[in-house]
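Tertiary structure, described
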Amino acid sequence: MVLHQMKNKDKKIYTCPMHSEVESGKGGKCPKCKMDLVKVKAESVNSGGKFKKSTLNIKLQNIVISAFLLSLIWFLWVVWYKVIPHKTPDVHYHAGFIVVKDNRQENFADFKFMKFEPCTVDNGNNHQESEEDKQLEKAHLHDNIGDVVHVERNGAKWKDLFTNIKYGLNYSEAEAYINGNKVSGFQNRPIEAYDSLVVFIGTRNDFDQFLSKTVTREHIQEAESKDEGYGGH
Ligand SMILES: [Zn+2]
Ligand SMILES: [Zn+2]
């Protein structure tokens, strides 16, 4: 009797992890789901209820572990996006520019070119800003000053300025000078602090007059003194 029990205990049978009713004396695939059958001790199958209970426990355990991992991921996500403030680097600098069309300087001192809302670089909630706000922060005008561009986000290029003030500029026919040097593809150049850009479009023959009128560092610094949001002076 004892011997028989021992033999029975040693005997291995195979069952499907998903379908405990499937039993087989040798390995193979479950006819129901084609999963590989797994080896179990005959004893646990013989006392049927016990085996069912243990698979139930395993399933329950999996659910608990999955739920725990999901809530951990959710928790980390909340901490990362909502609790830790994601500041963009505190960029705020200025440069000068003029546009000369048909030998006349364009006037951007009009209110329609200005950004009135205060810049929101410091609020620590930049991930909630719209793409439009982010674009506008790159380059804009303030204080009714039409020749000083404010850069308040990294990666600003000159074309961002003209995009944001909605000034249609045919870059391929423009001729541009930065700090007195003729440059090609100026629209894709980064705006650097105290740069001075002169763009000629249309008929042009009086370069010297306008190149001598480029926005000076003194003029930019004067604009900075009126710039409420500017802490860099
Ligand atoms: Zn600004
Ligand atoms: Zn500014």
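Residues numbered from 1 in each chain as written. Chains lettered and ligands numbered in written order. Predicted model: local features only at pLDDT ≥ 70, side-chain atom pairs only at ≥ 80, totals over all residues. Heavy atoms only, no water.

1. Some remarks on the overall build of the chain
Operational definition: By definition, any uninterrupted DSSP run of H or I lasting at least four residues is a helix, any uninterrupted run of E lasting at least two residues is a strand, and each is numbered from the N terminus. Throughout this description, buried means an accessible area under 20% of the type-specific maximum (1.4 Å probe, protein chains only), exposed means over 50%, and partly exposed covers the range between. Whether two residues are in contact is decided by their heavy atoms: any pair within 4.5 Å suffices. For accessible areas, the Shrake-Rupley method is used with a probe of radius 1.4 Å. Any residue's cover is judged against the shown protein chains and nothing else.
For the chain, the helix and strand inventory stands at seven helices and nine strands. Within the span of the chain, comprising 233 residues, buried residues form 33% of the whole. Expressed as a percentage of contacts within the chain between residues at least 6 apart in sequence, the contacts between residues at least 24 apart total 60%. When the accessible area of the chain is evaluated, it comes to approximately 14,900 Å², of which 55% is carbon and sulfur surface.

2. Remarks on the UniProt feature "transmembrane region" (unreviewed entry) in the chain
Put simply, the rule reads: UniProt positions are given in the numbering used here, feature names are shortened, and annotations may be inferred rather than shown by experiment.
UniProt marks residues 60–80 with the feature "transmembrane region" (unreviewed entry), using the numbering shown here. Taken end to end, residues 60–80 has its terminal C-alpha atoms 30 Å apart, with 100% of it in helix and 0% in strand.

3. With respect to the UniProt feature "domain: Heavy metal binding" (unreviewed entry) in the chain
Within the UniProt annotation, "domain: Heavy metal binding" (unreviewed entry) is assigned to residues 14–40. The span residues 14–40 carries 0% helix and 26% strand; its end-to-end C-alpha distance comes to 6 Å.

4. Describing the nonpolar core
For clarity, the cut-off: Only buried residues count toward a nonpolar core, which is a set of Ala, Val, Leu, Ile, Met, Phe, Trp, Tyr and Cys residues joined through side-chain atoms within 4.5 Å.
Membership of the largest hydrophobic core comes to 27 residues, with the highest contact counts inside it found for Phe 97, Trp 158, Phe 162 and Phe 186. Elements with a contribution of two residues or more to this core: β4 (93–101), β6 (148–151), α5 (158–164), β7 (175–178) and β9 (196–201). Core analysis: the second largest hydrophobic core is formed by eleven residues, Ile 98, Ile 145, Val 148 and Phe 210 among them.

5. Let's talk about the packing of aromatic side chains
Quick note on the threshold: Pairing of aromatic side chains here covers Phe, Tyr and the six-membered ring of Trp, requires ring centres within 6.5 Å, and sorts the geometry by plane angle: under 30 degrees stacked, over 60 edge-to-face, intermediate tilted.
On inspection of all chains with the given rule, the structure shows eleven aromatic pairs. Judged by centre distance (5.1 Å) and plane angle (80 degrees), the ring pair of Phe 108 and Phe 113 falls under edge-to-face. On the basis of relative accessibility, which here comes to 13%, the residue Phe 113 falls in the buried class. Between the aromatic rings of Phe 200 and Phe 207, the centroid separation amounts to 4.7 Å while the plane-to-plane angle is 75 degrees, which identifies the pairing as edge-to-face. An aromatic cluster of at least three residues, connected via ring pairs, comprises Phe 97, Phe 108, Phe 113, Phe 162, Tyr 167, Tyr 171 and Phe 186.

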